Amino acid sequence: MKTHYYLGWFNNFFPENLSRVLLEDITDRKSLAMISSNPSIYEDDGSTERSWLEQAGIMFDEYHLINYRVQKEEAKTIIKNASVIFLLGGDTLKQNGFLMEYDLSDSIKKSSAVVMGASAGAINMSAKWLCSKNFGYKVEASSVYDGIGLVNFSILSHFDLENNIALVQKELSLLSEELNIYASNKDCAVRVKEDKIDVLGNVYLISDSKIQKLDETL
């Protein structure tokens, strides 16, 4: 049973209803594999994301951080043996490049682990995502990047949606003709379990250039 969590960013900890479903879904707690979004900055160790899980009562026997200190084949072995794979928040572009360089996408797709991503990590779990300076990226021209593609939709995570609805709709209009886009800000989550999609917090669906706020189901 494939389960994925696309998270925003949590200033404190997971809300109670998110903690509850995570406790239900994460029953195997042998090994947590965290994939860095700043793989050359070794101080970025996922301590914030770990604290969210620990506050929810989810601890693991082993913790592994995948960055440039880890060899490519070792990284794939860690992912293969992981109970949960967590793509950390931070630099979306650097994480995307690292996933491609280490050829990790197929390993993640083949895994039966629960896969989670926060902010940048959630975006890179997408099938495709838009890199635009209007979303805070230091680029001149907008371009579409391929993500891991666990499910055929796109994610815009941890962006100030409420004050930029018109901008977001305009920026993502073309991509939304191709695939659905789930957009959220902080303290939000999209859970995919089998074919069912649940949402927590203020999550918007952009499809065929139209935007609508979704009802919470978690």
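Residues numbered from 1 in each chain as written. Predicted model: local features only at pLDDT ≥ 70, side-chain atom pairs only at ≥ 80, totals over all residues. Heavy atoms only, no water.

**Comments concerning the layout of surface pockets**
Right, so step 1: Considered as a void within the structure, the largest pocket measures approximately 450 Å³ in volume.
Right, so step 2: Gly90, Asp91, Thr92, Ser119 and Ala120 are, among the 32 residues lining the largest pocket, the residues nearest its centre.
Right, so step 3: The set of elements that each furnish at least two residues to the lining of the largest pocket consists of α2 (47-55), α4 (92-101), α6 (120-124), β6 (128-131) and β8 (154-156).
Right, so step 4: For the lining of the largest pocket, a count of residues per class yields 13 nonpolar, 14 polar and five charged. (1 Å grid on protein atoms, 1.4 Å probe; cavity = no way out; pocket = protein on both sides within 12 Å on 5 of 7 lines; lining within 4 Å. Points joined across faces, edges and corners; volume = space filled by probe spheres on them. Helix = DSSP H or I, 4+ residues; strand = E, 2+ residues; numbered from the N terminus. Nonpolar A, V, L, I, M, F, W, Y, C, P; charged D, E, K, R; others polar.)

**Section: α4**
Right, so step 1: Those residues of α4 that sit buried are Thr92, Gln95, Asn96, Phe98 and Leu99. Looking straight down α4, one finds its buried side chains confined to an arc of 160°; they lie on one side.
Right, so step 2: The N-terminus of α4 is capped by Asp91, whose side-chain oxygen sits 3.1 Å from the backbone nitrogen of Leu93.
Right, so step 3: Downstream of α4 by one or two residues, Asp103 has phi in the positive range, about 55°. (Buried < 20%, exposed > 50% of the residue type's maximum accessible area, 1.4 Å probe, protein only. Arc of directions from axis to C-beta. Polar contact = N/O pair within 3.5 Å; in protein donor to acceptor, adjacent residues only side chain to side chain.)

**Here we look at the nonpolar core**
Right, so step 1: One finds Tyr6, Ile35, Ile66, Ile85, Leu104 and Ile108 to be the most contacted residues of the largest nonpolar core, which totals 51 residues.
Right, so step 2: With four residues, strand β12 (residues 203-207) is the single largest residue contributor to this core.
Right, so step 3: Not counting chain neighbours up to four residues away, the residues in contact with Ile108 comprise Ile35, Ile79, Ile85, Leu99, Val115, Ile148 and Leu150.
Right, so step 4: Leu7, Ala56, Met116 and Leu200 belong to the second largest nonpolar core, which has 25 residues in total. (Core = buried A, V, L, I, M, F, W, Y, C linked by side-chain atoms within 4.5 Å. Contact = heavy atoms within 4.5 Å.)

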